[in-house]
Protein chains: 2
Amino acid sequence: DLAARVFVQDLMQSAQLSVTVDAAGNIIGRREGTASDLPALMLGSHIDSVPHGGNFDGPVGSLGAIEVAHSLADHDIALRHPIEVAVFQNEEGGKTGSRAMSGELDLAELDLVTHSGHSIGDGIGILGGDPRRLETARKQKGDIAAYLELHVEQGGLLEAERIDIGVVEGIVGIKRWTVSISGFANHAGTTPMTDRRDALLAAARFVETVNRVVTSIDGRQVGTVGQLEVSPGAPNVIPGHVTLSLEIRDLDMEKIDFVFETIRTDTDALAKATGVSFEFEQFYVSRAAPTDERIRSSIDDAAAQLDLSSLRMPSGAGHDAQSIALLAPIGMIFIPSVGGISHSPEEFSQPQDVTNGANVLLHTLVELDAAFD
Amino acid sequence: DLAARVFVQDLMQSAQLSVTVDAAGNIIGRREGTASDLPALMLGSHIDSVPHGGNFDGPVGSLGAIEVAHSLADHDIALRHPIEVAVFQNEEGGKTGSRAMSGELDLAELDLVTHSGHSIGDGIGILGGDPRRLETARKQKGDIAAYLELHVEQGGLLEAERIDIGVVEGIVGIKRWTVSISGFANHAGTTPMTDRRDALLAAARFVETVNRVVTSIDGRQVGTVGQLEVSPGAPNVIPGHVTLSLEIRDLDMEKIDFVFETIRTDTDALAKATGVSFEFEQFYVSRAAPTDERIRSSIDDAAAQLDLSSLRMPSGAGHDAQSIALLAPIGMIFIPSVGGISHSPEEFSQPQDVTNGANVLLHTLVELDAAFD
């Protein structure tokens, strides 16, 4: 990450951006505008990666934004707004950099020790920020005219539909619950089938219920049981307890609640039939972040000007844009991910698609410069 | 265990049994018979326990058998056959003592280190046996006229039906498989429901299939999925792989195979529908051990003489009798377990039921002494 940050700052300087690192460790390259007192149009993404991740999630948007600045400089194009290219730090570990900018970062998070062996606070220092001066990295509403992020889709829709550009309608909201199922552990040899209170049988029916409810309601919501632990967990013991995770995502937080309540209602009958009890504990919420309709239209226009096909779609994954949505209207541009693969060394996007994305980013920026104050 | 073994040997001596410990560490108390050259009628069980187990699983049959010998001595009853009371060592850890007697113990098992911190071989030495002379503990067909074991049911049937005595039809056979389900791990936010190859959804349908198949076929077979592990196991990742255990038990090994094949056939359609693949690997077989019909009838008669109700039933759990079934006709007598609870400190059987069991054991022994050569 440290080496990549030096590389990126060199690229920014080549693109005639003036480079600073804020107190949160975000790298910001700025190009002044012609009109006085207009807030900046911000282009951003990240360059950090999950362990054993790929080279496209983050870098496409970060290097694409620098390339846009390079083009403006090469062609001596003067925009009204200042342009800021933000490379946010630690997106994958919890959007630390962009959440510091939006004021969402909880100071208690600074003490969390990550897989790196460093705390989040120490990490900010190592990256050139200053955790004691975090407030100085914070921006207010009005400080940013609009925010644009180019990113790989991380899903397979664009490739499957042979669409060049995804116009993101918003970043989905997420709710997660821990579901505890209590039956009765007993001897698998001496307990007849009819006398069992098998927590895993109930869990199996719950997993099926989640799939049935999520797929039977119109819309693009997704529901996932990704974690499941069985206790006591021996081949010859009827499971007495199961703990599992339930995650529901949608652009509409009320839709998430509706899906959850439908699942929970169906669970009552299931619990009765299997002789178990269910407990739900919500442990995570990420609010949905809709994109701005004017920006979506500008992206549509930019794609059309470039003879590229485009499709409105939600972002199922989280992005730095979600943080900046608290400060400014946001827009996101997706390009196809080959095979929909992400967070893997096999993550790949075709060079032509990366080029398309950077071009749409540039054209959208120019249109927003005219449209926004 | 060591203290209990001293206590039990003292009880045997009080019952006028001559006590030896064989090379496998089994304690054997012998009372001679009146007819020359008849093989022994053996009564047996164990006194070892699972960790945090109860005081009835094993001791009821072991102390019941010593009490029978005590009664014969007290009333100076001379039987034709010699009587041997066997307290087998390490039943719970794999029927080590009784399997040494039947010749099933694999010498490689002696090197296995158990939770005690000792190997099975060292344990035999610690208990007073000699692992280098194991062959001397082995018996052949014809060495035992018949084998009788009194035991707690470890299930709730007798108590629920208010029956005094269970006449065991046999000890169920067991087969166990490891089932590996391979789908494709993917991002829970960016992968639409229709594009998923969710190994846990397939596993859930498999658990439901096991329950449906096992309960839809006539008979008393049981099928259990007791272990299940999900990979990668994160709330925001669609499970790519699940490993689970399948166990099927029945008195009839062919029935076990039929149930398994029915499940496996149903799995094909399930695999296709969810886009996953299934692999089955059998890792454990325990052959069913039917009891001898003459002995069952003798137990029926003994119960009737004592004005006790009785019921024919399978044993879902394994017992030392299973090993001795390779050498001699076997019979087993069950008494009620309160609440069907076993392998728990709450394991309990009423004193009157323990007394009933010992009385049925005595009366059956006397009947067998007359009937068998």
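Just so it is clear, the model here is predicted, and its values are computed rather than measured.

Q: Explain the overall build of chain A to me, please; I cannot follow it from the model alone.
A: Looking only at helices and strands, chain A features 10 helices and 16 strands. Overall, the C-alpha framework of chain A stretches about 80 × 45 × 35 Å when taken along its three principal axes. By residue count, 56% of the 373 residues in chain A fall in the buried class. Long-range pairs, those at least 24 residues apart, make up 80% of the contacts in chain A between residues at least 6 apart in sequence. In chain A, 27 side chains carry a positive charge and 54 a negative one; their mean positions are 6 Å apart.

Q: What's the story with the interface of chain B and chain A in this structure? I'm lost.
A: For an interface, size is often stated in terms of accessible area lost upon the parts coming together. Facing 45 residues of chain B, the contacting portion of chain A comprises 45 residues. Around 3700 Å² of area is buried between chain B and chain A when both sides are counted, 60% of it from carbon and sulfur atoms. The largest contributions to the chain B side of the interface with chain A come from B:T190, B:M193 and B:P235, which together make up 17% of the buried area. Inspection of the chain B/chain A interface yields two salt bridges. Put simply, the parts of the chain that give the side of chain B that touches chain A at least two residues each are β8 (186-187), α6 (199-216), β9 (222-224), β10 (228-231), β11 (237-238) and β12 (241-250) of chain B. Its residues assigned to classes, the side of chain B that touches chain A shows 19 nonpolar, 19 polar and seven charged.

Q: I keep staring at the relation of the copies chain B and chain A and nothing clicks. Help me out?
A: Relating the two copies of this chain is a rotation about some axis coupled with a shift parallel to it. For these two chains of identical sequence, chain B goes onto chain A by a turn of 180 degrees and a shift of 0.0 Å along the axis, with RMSD 0.1 Å. One copy is carried onto the other by what is essentially a two-fold rotation axis. Scanning chain B for the C-alpha nearest the rotation axis identifies B:A204, at a separation of 2.1 Å. Taken as a fraction of all interface residues of chain B, those also at the interface in chain A reach 100%, which identifies the copy contact as same-surface.

Q: Hey, could you run me through the packing of aromatic side chains in this one?
A: In this description, a pair of aromatic rings is defined by centroid distance and the angle of the planes. By the definition in use, this model includes 14 aromatic pairs over all chains. Between the aromatic rings of B:W177 and B:F260, the centroid separation amounts to 4.0 Å while the plane-to-plane angle is 5 degrees, which identifies the pairing as stacked. Of the two residues, B:W177 is situated in strand β7 (residues 173-182) and B:F260 in helix α7 (residues 253-274); the sequence distance between them amounts to 83 residues. The class for B:W177 is buried, based on a relative accessible area of 3%. Through a chain of ring-to-ring contacts, the aromatic side chains of A:W177, A:F206, A:F260, A:F278 and A:F280 assemble into a single cluster. If you follow A:R176 out to its NZ or CZ, it ends over the ring of A:Y284, 4.3 Å from the centre.

Q: Looking at this structure, I do not really get the environment of A:N55. What am I missing?
A: For A:N55, the location among the structural elements is in the loop between β3 (40-46) and α2 (59-74). Look at A:N55 and you get exposed, because its relative accessible area is 61%.

Q: Just checking my understanding: could you explain the environment of A:N211 for this structure?
A: By the element assignment, A:N211 lies in helix α6 (residues 199-216). In sequence terms A:N211 and A:G170 are 41 residues apart; their C-alpha atoms lie 23 Å from each other. Once residues lying within four places of it in the same chain are set aside, the contact partners of A:N211 are B:M193, B:L201 and B:R205.

Q: Just to check I follow, could you spell out the side chain of B:E84 for this structure?
A: Topologically, B:E84 is positioned in strand β4 (residues 83-88). When its relative accessible area of 7% is taken as the criterion, B:E84 is described as buried.

Q: For this particular structure, what's the right way to read the nonpolar core?
A: Burial of nonpolar side chains together is a common tendency in soluble globular proteins. Residues A:F206, A:L228, B:F206 and B:L228 are the most contacted members of the largest nonpolar core, which totals 69 residues. Discounting chain neighbours no more than four positions away, the residues touching A:F206 are A:V179, A:V225, A:L244, A:L246, A:I263, A:T267, A:L270, A:F278 and A:F280.

Q: Looking at this structure, I do not really get the packing of α6(A) against helix α7 (residues 253-274) of chain A. What am I missing?
A: Each packed pair of helices is defined by two parameters, the angle between the axes and the distance between the axes. Residues and elements named next belong to chain A. Remark: α6 packs on α7, axes separated minimally by 10 Å, with the N-to-C direction vectors making an angle of 150 degrees. Between α6 and α7, the crossing angle belongs to the class labelled roughly antiparallel. For the pair α6 and α7, the crossing hand works out as right-handed. Taken together, the residues of α7 that come into contact with α6 (itself represented by L201, A202, R205, F206, T209, V210, R212, V213 and V214) are V259, T262, I263, D266, T267, L270 and T274. By residue class, the composition of the contact of α6 with α7 is nine nonpolar, four polar and three charged.

Q: It is not clear to me how helix α8 (residues 293-305) of chain A should be interpreted in this structure. Could you clarify?
A: Working note: α-helix, 3.6 residues per turn, so residues spaced by three or four point in the same direction. Residues and elements named next belong to chain A. Between its first and last C-alpha atoms α8 spans 18 Å; for 13 residues at 1.5 Å apiece the expected length is 18 Å, and the two agree. All buried positions along α8 are accounted for by I295, R296, S298, I299, A302 and A303. Buried residues of α8, viewed axially, fall in a sector of 160 degrees; they line one side. Opposite the packed face of α8, turned more than 90 degrees from it, sit the exposed residues A304 and Q305. Of the surrounding elements, those touching the buried residues of α8 are β5 (144-152), β6 (165-171), β14 (289-290), β15 (310-315), β16 (330-335) and α10 (351-371).

Q: Explain the confidence of the model for chain A here, please?
A: Interpreting fine coordinate detail is not advised for predicted regions of low pLDDT. In this model, chain A carries an average pLDDT of 96, and 100% of its residues clear a pLDDT of 70 or more. For this predicted complex, the interface score ipTM comes out at 0.84, alongside a pTM of 0.83.

Q: Teacher, can you tell me more about helix α10 (residues 351-371) of chain B here?
A: In this model, α10(B) (21 residues) spans 30 Å end to end at C-alpha, consistent with the 30 Å of a helix rising 1.5 Å per residue. Every buried residue of α10(B) is listed here: B:D353, B:N356, B:G357, B:A358, B:V360, B:L361, B:L362, B:T364, B:L365, B:L368 and B:D369.

Q: What is the right way to look at the pattern of salt bridges in this model?
A: Charged atoms that come close allow side chains of opposite charge to pair. In this structure the tally under the stated criterion is 36 salt bridges over all chains. Between A:D292 and A:R294 there is a salt bridge; the shortest N-O distance is 3.0 Å. The exposure class of A:D292 is buried, given its relative accessible area of 17%. A salt bridge links B:R264 to B:E261, with the nearest nitrogen and oxygen atoms 3.8 Å apart. Of this pair, B:R264 and B:E261 both sit in helix α7, three residues apart, which is roughly one turn of the helix. What emerges from the salt-bridge pattern is a single network uniting A:R30, A:E32, A:E84 and A:K139.

Q: Quick question: what am I supposed to make of unusual backbone geometry here?
A: Negative phi characterises most residues that are not glycine, and trans characterises most peptide bonds. In this model, A:S231 is joined to A:P232 through a cis peptide bond whose omega is 0 degrees. Within the fold, A:P232 resides in the loop between β10 (228-231) and β11 (237-238). With phi around 60 degrees, A:D307 is a residue other than glycine that occupies positive phi space. For A:D307, the position within the fold is in the loop between α8 and β15. Its relative accessible area of 70% is what places A:D307 among the exposed residues. For B:N90, which is not a glycine, the phi torsion comes out positive at approximately 50 degrees. Positionally, B:N90 belongs in the loop between β4 and α3 (96-102).

Q: Quick question: what am I supposed to make of the environment of A:A321 here?
A: Residue and element names in this part refer to chain A. If you trace the backbone, A321 turns up in helix α9 (residues 320-324). With 30 residues separating them in the primary sequence, A321 and T291 have C-alpha atoms 8.9 Å apart. Once residues within four sequence positions are removed from consideration, A321 is found in contact with Y147, E149, I171, I330 and M332.

Q: What am I meant to see in the packing of α6(A) against α6(B) here?
A: Interaxial distance between α6(A) and α6(B) falls to 8 Å at its minimum, and their mutual angle equals 130 degrees. Considered as vectors, α6(A) and α6(B) are oriented oblique to each other. The way α6(A) lies across α6(B) gives a crossing that is left-handed. Here A:L200, A:L201, A:A204, A:R205, A:V207, A:E208 and A:N211 of α6(A) come into contact with α6(B), specifically with B:L200, B:L201, B:A204, B:R205, B:V207, B:E208 and B:N211. Residues of the contact of α6(A) with α6(B), tallied by class, amount to eight nonpolar, two polar and four charged.

Calculation notes
- Residues numbered from 1 in each chain as written.
- Chains lettered and ligands numbered in written order.
- Predicted model: local features only at pLDDT ≥ 70, side-chain atom pairs only at ≥ 80, totals over all residues.
- Heavy atoms only, no water.
- Helix = DSSP H or I, 4+ residues; strand = E, 2+ residues; numbered from the N terminus.
- Buried < 20%, exposed > 50% of the residue type's maximum accessible area, 1.4 Å probe, protein only.
- Contact = heavy atoms within 4.5 Å.
- Lys, Arg positive; Asp, Glu negative; His and termini not counted.
- Charge placed at Lys NZ, Arg CZ, Asp CG, Glu CD.
- Buried area = accessible area lost by both parts, 1.4 Å probe.
- Salt bridge = Lys/Arg side-chain N within 4 Å of Asp/Glu carboxyl O.
- Nonpolar A, V, L, I, M, F, W, Y, C, P; charged D, E, K, R; others polar.
- Least-squares fit on C-alpha atoms with pLDDT ≥ 70 in both.
- Phe/Tyr/Trp six-rings, centres within 6.5 Å; stacked < 30°, edge-to-face > 60°.
- Lys NZ or Arg CZ within 6 Å of the ring centre and 35° of its normal.
- Core = buried A, V, L, I, M, F, W, Y, C linked by side-chain atoms within 4.5 Å.
- Axes fitted to C-alpha atoms, helices over the stretch in contact; angles between N-to-C directions.
- Parallel < 35°, antiparallel > 145°, perpendicular 65-115°, else oblique.
- Left-handed = near helix turned anticlockwise from the far one by under 90°.
- Expected span 1.5 Å × (residues − 1).
- Arc of directions from axis to C-beta.
- pLDDT = per-residue confidence, 0-100.

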